[in-house]
Amino acid sequence: MQLEDRTCLVTGASKGIGRGIAEEFGAHGANVVVNYRSSEEDAYDVRDEINDGPGTAIVAQADVSEFDQVEAMYEQATDEFGTIDVLVNNAGITVDKKFENMTREDWERVIDVNLGGVYNATKVCFEDIRQADEGRLINISSVVGQQGNYGQANYATTKSGLFGFTRTIALELANEGSTANTIAPGFVMTDMLKDVPDRVQENILKRIPLDRFAEVEDIVGMARFLASRESSYMTGQVLGINGGMEW
Ligand code: NAP
């Protein structure tokens, strides 16, 4: 039970990668806060799945782009579990368009969730993570932040932004022994990828040396390792899990 004594808040845990990470943490004995924005039924399924195993979970609704809602989520989580040891900034959205067609609104929606949400959640959990016995910040970026991707100027910007953020927070946590790292997945079979047209998916596949899209299960083990005490001496890093895509 690698995470038995850990309380972990996972943003965007109702679906996809966040759901996989939340369930993986629960399977290793963690207390898990399952955050969602709109997929209520899915979030309660995740909670039940975790509570059926060795972990303990609660659901916390909050739009991560809204600071007041994130503060309320933190209050709910700490009323239940006392303190947060591990924060996974996973919640993210895409609004894909060629840059020439991308409005300021399209730009800001993605920045508000993918970076504003990271600010909000990290801000409210920061002191807990710093004071925890080996607290952990884990940010979910993307290979798109490393390579860029046609039609994703807004999204790529947010995912690159996490590299500087992670590195800086790693420095600011280091003297207390807590860490910050980023996972940069390649293309993972979730709703986000299923929304991409087949023709575009075929072109992406040609760029993946391992010749398949990732499954959520390919990502969650690294998140568990980073959340555990086994990763004590690793901080400020970007871990690519991308089937061999170069950048
Ligand atoms: P997904 O299946 O679309 O799930 C997104 C999750 O984020 C959902 O649980 C959703 O909750 C939540 N969410 C979205 N906006 C939110 C908000 N404002 N506040 C709170 N929660 C919010 O996406 P995914 O593929 O698992 O992606 C998860 C993360 O991995 C994202 O940061 C994404 O950029 C990154 N990533 C994905 C891929 C990929 O190929 N799929 C590759 C690299 C990186 P509700 O449904 O409840 O609104």
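In this text, all values refer to a predicted model and were calculated from it rather than measured experimentally.

(A) Fine view of the pattern of salt bridges. Scanning all chains against the criterion turns up 12 salt bridges. In this structure, Glu 127 engages Arg 130 in a salt bridge whose closest nitrogen and oxygen atoms are separated by 2.7 Å. A residue pair is termed a helical-turn pair when its members lie 3 or 4 positions apart in one helix, as Glu 127 and Arg 130 do in helix α4 (residues 104-131) at 3 residues. Taking the relative accessible area as the measure of exposure, Arg 130 reaches 24% and is therefore partly exposed. Taken together, the shared-partner salt bridges in this structure form one network comprising Asp 5, Asp 133 and Arg 229.

(B) Quick peek at the site of the ligand. Lining the immediate environment of the ligand, one finds 31 residues, of which Ser 14, Ser 39, Asn 90, Tyr 155 and Thr 190 sit closest. Taking Ile 17, its main chain carries an N or O atom lying 2.8 Å from an oxygen atom of the ligand. Between the ligand and the protein, one listed contact pairs an oxygen atom with a backbone N or O atom of Val 188 at 2.7 Å. Against a free-state accessible area of 890 Å², the protein chains account for coverage of 95% of the ligand.

(C) Region of the structure containing the nonpolar core. Counting 39 residues, the largest nonpolar core has Leu 9, Val 33, Leu 87, Cys 125 and Phe 187 as the members making the most contacts within it. Contributing elements (two or more residues each) for this core: β3 (56-61), α3 (67-81), α4, α5 (143-147) and α6 (153-173). Among the elements that take part in this core, α4 stands out by supplying 7 residues, more than any other. Those residues within four positions of Val 33 in sequence are excluded, and the remaining contacts are Cys 8, Leu 9, Val 10, Ile 58, Ala 60, Ala 77 and Phe 81. Formed by 32 residues, the second largest nonpolar core is a distinct cluster that contains Val 34, Val 46, Val 88 and Ala 214.

(D) Representation of the sheet that holds strand β5 (residues 136-140). Ordered by their spatial adjacency, 7 strands build an open sheet running β3-β2-β1-β4-β5-β6-β7, and the pairing between neighbours is parallel. Of all strands in the sheet, those bounded by a partner on one side alone are β3 and β7 (238-241). Each adjacent strand pair in this sheet contributes to an overall mean axis angle of 20°, direction not counted. In this structure, strand β1 (residues 7-10) lies alongside strand β4 (residues 86-89), joined through 3 bridges in parallel fashion. Residue pairing for β4: Cys 8 is matched across the bridge by Val 86.

(E) Representation of the packing of α4 against α6. The interhelical angle for the contact between α4 and α6, taken along N-to-C directions, is 15°, at an axis separation of 9 Å. When the interaxial angle is binned, α4 and α6 end up roughly parallel. Here α4 runs over α6; the crossing is right-handed. Together, Asp 106, Trp 107, Val 110, Ile 111, Asn 114, Leu 115, Val 118, Thr 122, Phe 126, Ile 129 and Arg 130 of α4 and Ala 153, Asn 154, Tyr 155, Thr 157, Thr 158, Lys 159, Gly 161, Leu 162, Phe 165, Ile 169, Glu 172 and Leu 173 of α6 make up the contact between the two elements. Within the contact of α4 with α6, the residues separate by chemical class into 13 nonpolar, 6 polar and 4 charged.

(F) Highlighting the packing of helix α1 (residues 16-27) against helix α2 (residues 40-51). Relative orientation of the contacting elements α1 and α2 amounts to 20°, with a least axis distance of 9 Å. One element, α1, and the other, α2, form an angle in the roughly parallel class. For α1 against α2, the interelement crossing comes out right-handed. For the pair α1 and α2, the contacting residues are Arg 19, Ala 22, Glu 23 and Gly 26 in the first and Asp 42, Asp 45, Val 46, Glu 49 and Ile 50 in the second. Class assignment for the residues of the contact of α1 with α2 results in 3 nonpolar, 1 polar and 5 charged.

Calculation notes
Residues numbered from 1 in each chain as written. Predicted model: local features only at pLDDT ≥ 70, side-chain atom pairs only at ≥ 80, totals over all residues. Heavy atoms only, no water. Salt bridge = Lys/Arg side-chain N within 4 Å of Asp/Glu carboxyl O. Helix = DSSP H or I, 4+ residues; strand = E, 2+ residues; numbered from the N terminus. Buried < 20%, exposed > 50% of the residue type's maximum accessible area, 1.4 Å probe, protein only. Near = heavy atom within 4 Å. Polar contact = N/O pair within 3.5 Å; in protein donor to acceptor, adjacent residues only side chain to side chain. Areas by Shrake-Rupley, 256 points an atom, 1.4 Å probe, with all protein chains shown as cover. Core = buried A, V, L, I, M, F, W, Y, C linked by side-chain atoms within 4.5 Å. Contact = heavy atoms within 4.5 Å. Pairing = 2+ DSSP bridges. Axes fitted to C-alpha atoms, helices over the stretch in contact; angles between N-to-C directions. Parallel < 35°, antiparallel > 145°, perpendicular 65-115°, else oblique. Left-handed = near helix turned anticlockwise from the far one by under 90°. Nonpolar A, V, L, I, M, F, W, Y, C, P; charged D, E, K, R; others polar.

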